[in-house]
Amino acid sequence: SRAAFADPDVPGRLRVHSPRPTAAFSRVDSLAVGFPAAEEAARKHGFVPVTRPAGGRLAAYHEGALVLDLVARHPQARNDFRERFAVLGAQLAAGLRTLGVPTGVGPVPGEYCPGEFSVNAAGTTKIVGTAQRLTRHGYLFSAVVLVTDPEPVRAVLVDAYAALGFDWRPASVGCVADHAPDVTVADVEDALLPGLHELLPGLG
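Since this is a predicted model, take the numbers as computed values, not measurements.

Let's talk about empty space enclosed by the protein
(1) Moving on: Summed over the entire model, instances satisfying the criterion amount to 1 cavity of 30 Å³ or more.
(2) Moving on: As a volume, the largest cavity reaches approximately 60 Å³.
(3) Moving on: Looking at the largest cavity, the residues that line it are Leu 14, Leu 68, Leu 70, Leu 88, Leu 92, Phe 141, Leu 196, Leu 200 and Leu 203.
(4) Moving on: Taken together, the elements giving at least two residues each to the lining of the largest cavity come down to β5 (65-73) and α3 (81-97).
(5) Moving on: For the lining of the largest cavity, the per-class residue count stands at 9 nonpolar, no polar and no charged.

Observations concerning the pattern of salt bridges
(1) Moving on: Taken as a whole, this structure holds 5 salt bridges when the rule is applied.
(2) Moving on: Between Glu 116 and Arg 82 there is a salt bridge whose closest N-O contact spans 2.7 Å. One end of the pair, Glu 116, is in the loop between β6 (103-105) and β7 (119-121); the other, Arg 82, is in helix α3, with 34 residues separating them in the sequence.
(3) Moving on: The partner of Glu 151 in a salt bridge is Arg 154, with the nearest N and O atoms 2.4 Å apart. Here Arg 154 and Glu 151 lie together in helix α4 (residues 151-164), a separation of 3 residues that amounts to about one turn.

Thoughts on the sheet that holds strand β3 (residues 48-51)
(1) Moving on: Reading across from one edge, β3-β2-β4 is the order of the 3 strands in this open sheet, with mixed pairing throughout. A single partner strand is all that each edge strand has here, and the edge strands are β3 and β4 (59-61). When the angles between neighbouring strand axes are averaged without regard to direction, this sheet yields 20 degrees.
(2) Moving on: As paired elements, strand β2 (residues 22-25) and β4 share 3 bridges and run antiparallel to each other.

A look at helix α2 (residues 35-44)
(1) Moving on: Every buried residue of α2 is accounted for by Phe 35, Ala 38, Glu 39, Ala 41 and Ala 42. One side of α2 carries all its buried residues, which in axial view fall inside an arc of 160 degrees. Exposed side of α2, more than 90 degrees from the buried face: Pro 36 and Lys 44 are the residues found there.
(2) Moving on: Residues of α2 that are buried make contact with β2, α1 (27-30), β3 and α4.
(3) Moving on: Directly after α2, the chain includes Gly 46, whose backbone phi takes a positive value near 85 degrees.

Focus on the packing of α2 against α4
(1) Moving on: Across the interface, α2 lies against α4 with an axial gap of 7 Å and an inter-helix angle of 170 degrees. Classified by the interaxial angle, the pair formed by α2 and α4 is roughly antiparallel. For the element pair α2 and α4, the recorded crossing hand is right-handed. Between α2, through Phe 35, Ala 37, Ala 38, Ala 41 and Ala 42, and α4, the contact on the second element is made entirely by Val 156, Asp 159, Ala 160, Ala 163 and Leu 164.
(2) Moving on: By residue class, the composition of the contact of α2 with α4 is 9 nonpolar, no polar and 1 charged.

With respect to α4
(1) Moving on: When the terminal C-alpha atoms of α4 are compared, their 20 Å separation across 14 residues agrees well with the 20 Å that a helix rising 1.5 Å per residue should span.
(2) Moving on: Among all positions in α4, only Val 153, Arg 154, Val 156, Leu 157, Ala 160, Tyr 161 and Leu 164 are buried. Considered in projection along α4, the buried side chains sweep an arc of 170 degrees and stay on one side of the axis.
(3) Moving on: Buried residues along α4 sit in contact with β2, α1, α2, β4 and β9 (138-146).
(4) Moving on: Just beyond α4, the residue with positive phi is Gly 165, at close to 75 degrees.

A few points about the packing of α3 against helix α5 (residues 185-199)
(1) Moving on: Two numbers describe how α3 lies on α5: the axes approach to 8 Å, and their chain directions differ by 140 degrees. Comparing their axes, α5 and α3 come out oblique. For the element pair α3 and α5, the recorded crossing hand is right-handed. For the pair formed by α3 and α5, the contact residues are Val 87, Leu 88, Gln 91, Leu 92, Gly 95 and Leu 96 on the first element and Val 188, Ala 191, Leu 192, Gly 195, Leu 196 and Leu 199 on the second.
(2) Moving on: Its residues assigned to classes, the contact of α3 with α5 shows 9 nonpolar, 3 polar and no charged.

Parameters and conventions
Residues numbered from 1 in each chain as written. Predicted model: local features only at pLDDT ≥ 70, side-chain atom pairs only at ≥ 80, totals over all residues. Heavy atoms only, no water. 1 Å grid on protein atoms, 1.4 Å probe; cavity = no way out; pocket = protein on both sides within 12 Å on 5 of 7 lines; lining within 4 Å. Points joined across faces, edges and corners; volume = space filled by probe spheres on them. Helix = DSSP H or I, 4+ residues; strand = E, 2+ residues; numbered from the N terminus. Nonpolar A, V, L, I, M, F, W, Y, C, P; charged D, E, K, R; others polar. Salt bridge = Lys/Arg side-chain N within 4 Å of Asp/Glu carboxyl O. Pairing = 2+ DSSP bridges. Axes fitted to C-alpha atoms, helices over the stretch in contact; angles between N-to-C directions. Buried < 20%, exposed > 50% of the residue type's maximum accessible area, 1.4 Å probe, protein only. Arc of directions from axis to C-beta. Contact = heavy atoms within 4.5 Å. Parallel < 35°, antiparallel > 145°, perpendicular 65-115°, else oblique. Left-handed = near helix turned anticlockwise from the far one by under 90°. Expected span 1.5 Å × (residues − 1).

Encoded structure:
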């Protein structure tokens, strides 16, 4: 069903980047009583608070992460919503396995920003979070791969989630380097992009 992901006449676009320290709150988070305190906690840890359009709960990332934003036209993007999560998640997991990371798709108990299609390492830590936003004419699929240095992410989430009253397990935060110690963000990009281009021909 690869062809279902995008209109073949309008190739998708993929933006790949390494972000500045960011605390990406969801709209659900923004409605919580503790949201201002959570934003302040993020700032104290050096993470810029933003409210993202895609769903879920607070996720944090920094220069040690790789962000992939895929935008594509699709006349009925909602119809393939779950399949897109499953197939792209499986592709990301497969790419990370080439680096020696024991990845699979599925939630981790007590994970941050919980999701059915998180990419996990050995079923114990979350290393990739994915999200989607649908529009009338297409979709945005985003993935954040935490490659190195999970401690600052864990620390900011501890304080911000406490302000939001969200119960979670800090040990659920993992990174690619936990399993491939010498890996870099560039290595992860090189491991992931070929599979995504194979899955989505014409991707720009």
